[in-house]
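Residue-level structural notes
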Amino acid sequence: MLTRWSTRSSRRTVRSATQRKSGCSATDLASPAPPPRHLTAETCRALLRGPGFDFERDVWTLAVQELCRAYYHELFTAHPGRTRMDWTAFAAQYEHFVWHDDRAAKLVRAAVPDPDDHFAPDRLTDPLAGLGRVGPRMLQRRVRAHLRDSVRRRREPRHSAHVAVVRALRSVGGVIGELYNGGELPPAAAAAALRLFSVGAFLSSGPPPLRMEQLIALSEAGVVTFTGPGTTVTTAAAPSAFHASSPHVRVSYTARILLDARLPDPDLARTADPLLRSLLAAGHISEETAPDASGRPRATGAVRVRDGHPLDTAGRAHRTWYLAGPEQFPHAGTDAGFFRRNDGIARAVLLNRSGPTRLE
């Protein structure tokens, strides 16, 4: 987004979902979301052993199924007045029809009369999908409408099903994190996991509703201007200025200050972190690669890992070095994968009697 004084960019050019108000965290649901039923570590390991494994087709599809189940479980059990059948009857049919989009959609329409209560995964990952080349005023209205809808769904108890989706994302993300940190995912699958499950960070790490409302007010006042999906920023001709444009908007903008507020994709080769840069230059860590469409190895941007330990350029694991992540955004007071992973690292460090590793 662009202000009169600064340009601020997010990866999808739309703000992440808001956090709920204090006392209404993502764990305060009328009915807890069930644990993963289809996307388990055992299921993933069986799929990994199968021929022609494809992460997006085989695993992400199960993840979306889990999100749908968590959403409708919360809707049916916490808000039965907005449904036309009980959860047990709906779940039995939904499980049977889930792989048939038309039949599942027909069941949802029959059981959930209000279209606003239907779960739309695409609305989470790409709320401006289908946006053509529009004028700046239309874009501002679309983004503000999305922000208002986000605030409404995160703040009002009647929309607790959307919070159940965030919790389910953390749950299935924990399963994938277990496989990733254990080095069980092949490079291509690991890269796809990082890309697809990053949506969990967007949905669970947003600002509180008040900040979102303030952002809407700043937009309405003309102080903040949203630049659009796929925004690119370059240096402009004027001194100390930045030029922002989107392929979906018929205008471009210039500002004097750039605030980069994205959750960036992993890119080890271009990292600005001095520790990672020095370790990479010395060969103590290395970048993961995966085959592209032509079968040639392509850097994924992630650090090569085996059983939670980084690999050097020769493929040797540093047994006394540990990597924490990737994990879904954690919330205090929860048994999030991020906390479990760090607890595991702390135990391993305390049990290690070999002393610190000296780098030459």
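Let me begin by describing the structure that accompanies this report.

Calculation criteria
- Residues numbered from 1 in each chain as written.
- Predicted model: local features only at pLDDT ≥ 70, side-chain atom pairs only at ≥ 80, totals over all residues.
- Heavy atoms only, no water.
- Helix = DSSP H or I, 4+ residues; strand = E, 2+ residues; numbered from the N terminus.
- Buried < 20%, exposed > 50% of the residue type's maximum accessible area, 1.4 Å probe, protein only.
- Contact = heavy atoms within 4.5 Å.
- Areas by Shrake-Rupley, 256 points an atom, 1.4 Å probe, with all protein chains shown as cover.
- Pairing = 2+ DSSP bridges.
- Axes fitted to C-alpha atoms, helices over the stretch in contact; angles between N-to-C directions.
- Salt bridge = Lys/Arg side-chain N within 4 Å of Asp/Glu carboxyl O.

Observations concerning the overall build of the protein chain
- On a plain count of helices and strands, the protein chain comes out with 12 helices and 11 strands.
- With 360 residues in all, the protein chain has 44% of them scored as buried.
- Contacts in the protein chain between residues at least 24 apart in sequence constitute 64% of all its contacts with a sequence separation of at least 6.
- About 18,800 Å² of surface is accessible on the protein chain, with carbon and sulfur atoms providing 54% of the total.

Some words on the pairing of strand β6 (residues 252–255)
- Residues Y253 and A255 line the buried face of β6, whereas the alternating positions S252 and T254 sit on a face that is not buried.
- Note: strand β5 (residues 242–245) against β6, 4 bridges, orientation antiparallel. Its bridge partner being in β6, S245 is matched across the sheet by S252.
- Where β5 folds back on β6, the antiparallel hairpin that results is connected by 6 residues.

A look at the environment of R109
- With respect to the secondary-structure elements, R109 resides in helix α4 (residues 101–111).
- Sequence separation of R109 and R84 is 25 residues, and the distance between their C-alpha atoms is 9.8 Å.

Remarks on the sheet that holds β5
- Spatially, 3 strands are ordered β4-β5-β6 in an open sheet, and the strand pairing comes out antiparallel. Of all strands in the sheet, those with a lone pairing partner are β4 (232–235) and β6, marking the two edges. Averaged over all pairs of adjacent strands, the angle between their axes in this sheet comes to 25 degrees, without regard to strand direction.
- With 4 bridges connecting them, β4 and β5 associate as antiparallel partners. Each bridged residue has a counterpart across the sheet, and for V233 the counterpart in β5 is A244.

Let's talk about the pattern of salt bridges
- Scanning all chains against the criterion turns up 13 salt bridges.
- Between R82 and D117 there is a salt bridge, and its shortest N-O distance comes to 2.8 Å. On the criterion of sequence distance, the pair formed by R82 in the loop between α2 (55–78) and α3 (87–97) and D117 in the loop between α4 and α5 (121–125) is long-range, its members being 35 residues apart. Residues R82 and D117 agree in their burial class; the two are buried.
- For R153, the salt bridge goes to D149, with nearest N and O atoms at 2.8 Å. Note that R153 and D149 are positioned in helix α6 (residues 136–155) at a spacing of 4 residues, about one turn of the helix.

Re the pairing of strand β8 (residues 287–291)
- Across the two faces of β8 the burial differs, with E288 and A290 buried and E287, T289 and P291 not buried at all.
- One ladder, built from 4 bridges, connects β8 with strand β9 (residues 297–303); its direction is antiparallel. Residue pairing for β9: P291 is matched across the bridge by P297.
- Counted along the chain from β8 to the antiparallel partner β9, the turn is 5 residues long, and its residue G295 has a positive phi close to 90 degrees.

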